[in-house]
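Structural description and commentary
This is what each chain is made of:
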Amino acid sequence: MKIARFFLVLLLAVATAPAAIAEPKPAKAEAAKALPTKAQPTKTPATRQTLEEAFRGRATGVGRFKSRLAGVDRGFVVTTNGRRSGDHFVLDQHFRFDNGSLDRRTWRFRRTGPNTYVGTRQDVVGEAQVRVEDDRIRMSYDLITRGRDGGKLKLHFEDTIRRTGRDTITNNGVISTLGMNVGSVDVTFQRQKGERRRAKTQETAGR
């Protein structure tokens, strides 16, 4: 009986003893506020480039043209030479496709405003519309090509041109017809160091 009474008293003492109160830990948000914050890096504004600056002088591009509708999937290498000719900027393009075929096309661009141009090419329907934006150049045009059956096929192109390095330009194009995406053309152009400066010097001297 004494032993049973002892354990009963001990159980009551434990049950009625005040629980220890833990020190409240600071919330993560409060702890984060206490830490010194690093200054956020400021973004350098994108440099607006003109069509002439993007394609002046000689460059070599490696790309691929794909169109499910036309049954085309061809890699190619294109060499370009951009130069001023009177009121136009002329861009010569020499293509060598991976099946060995060769082609040549010549763009003639005319400035129509501070950030706009129109352009013509042998296989382009009407005029291409060109707009210079903050860090890219957008081109919109319709092109005539050959379909799988040998007939002519009209495709619409939306090209986005960006400078991805001091001497590197990428051109990513989406191909559509009747409002449906049917293919793509992607090209990366590499220009030799100093080529843009050399071409600009020649252009200035020729005026």
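Please read all numbers here as calculations on a predicted model, not as lab measurements. Position numbers for residues count from 1 along each chain, tracking the sequence in the order it is written. In view of the model being predicted, local features appear only for residues whose pLDDT reaches at least 70, and side-chain atom pairs are presented and counted only at 80 or more, with totals across whole chains, interfaces and linings using the full set of residues. Heavy atoms from the whole structure form the basis of all side-chain values; hydrogens and water molecules are not counted.

Moving on, we get to the overall build of the protein. A run of H or I in DSSP counts as a helix once it spans at least four residues, and a run of E counts as a strand once it spans at least two, with each numbered from the N terminus. What the protein contains, in helices and strands, is 4 helices and 10 strands. The secondary structure elements of the protein, listed N-terminal to C-terminal, are α-α-α-β-β-β-β-β-β-β-β-β-β-α. For the protein, buried positions account for 34% of its 207 residues. Contacts between residues were defined by any pair of non-hydrogen atoms, one from each residue, lying within 4.5 Å. Counted over contacts in the protein with a minimum sequence separation of 6, partners at least 24 positions apart contribute 34%. Carbon and sulfur atoms make up 56% of the accessible area of the protein, which totals about 14,300 Å². With a 1.4 Å probe rolled over the protein chains alone, any residue whose accessible area is under 20% of its type maximum counts as buried; one over 50% counts as exposed, and the rest are partly exposed. Computed with a 1.4 Å probe, the accessible areas rest on the Shrake-Rupley method; for each residue, only the protein chains presented here act as cover.

Looking at where glutamine 190 falls in the secondary structure, it is placed in strand 10 (residues 180-190). The sequence separation of glutamine 190 and isoleucine 169 amounts to 21 residues, and the corresponding C-alpha distance is 6.7 Å. Look past the residues within four positions of glutamine 190 in its chain and what remains in contact with it is Ala59, Thr60, Asp167 and Thr168. Think of a polar contact as two N or O atoms within 3.5 Å of one another; within protein, one of them needs to be a possible hydrogen donor and the other a possible acceptor, and neighboring residues in sequence only count if both atoms come from side chains. For glutamine 190, the side chain forms a polar contact with the main-chain oxygen of aspartate 167, separated by 3.4 Å. A polar contact of 2.9 Å, which involves the side chain of glutamine 190, links it to the side chain of threonine 168.

This brings us to the nonpolar core. Buried residues of nine kinds, namely Ala, Val, Leu, Ile, Met, Phe, Trp, Tyr and Cys, make up a nonpolar core once their side-chain atoms join them within 4.5 Å. By size, the foremost hydrophobic cluster in this structure holds 33 residues, and its most contacted members are Phe55, Phe76, Trp107, Phe109, Met139, Tyr141 and Phe157. When near neighbours in sequence (up to four residues on either side) are disregarded, tyrosine 141 contacts Trp107, Val124, Ala128, Leu155, His156, Phe157 and Asp159.

A carboxyl oxygen of Asp or Glu within 4 Å of a side-chain nitrogen of Lys or Arg is what we treat as a salt bridge. Following the criterion strictly, the structure yields 12 salt bridges and no others. Ionic pairing is found between arginine 104 and aspartate 92, a salt bridge with its closest N-O pair at 3.7 Å. Of this pair, arginine 104 sits in strand 4 (residues 102-113) while aspartate 92 sits in strand 3 (residues 88-97), placing them 12 residues apart in sequence. We classify aspartate 92 as buried; its relative accessible area is 10%. Between arginine 105 and aspartate 123 there is a salt bridge whose closest N-O contact spans 3.3 Å. Placement of arginine 105 in strand 4 and of aspartate 123 in the loop between strand 5 (116-120) and strand 6 (124-132) is noted, with a sequence separation of 18 residues between them. Residues joined by salt bridges that share partners form a network here, namely Asp103, Arg105, Arg121 and Asp123.

Sheet analysis places strand 4 next to strand 5, joined by 5 bridges and oriented antiparallel. Looking at strand 5, one finds that glycine 113 is bridged to threonine 116. Joining the antiparallel neighbours strand 4 and strand 5 is a turn of 2 residues. Pairing between strands requires that DSSP locate at least two bridges from one strand to the other. Note that strand 5 and strand 6 share 4 bridges and pair antiparallel. Bridge pairing links threonine 116 to arginine 131 in strand 6.

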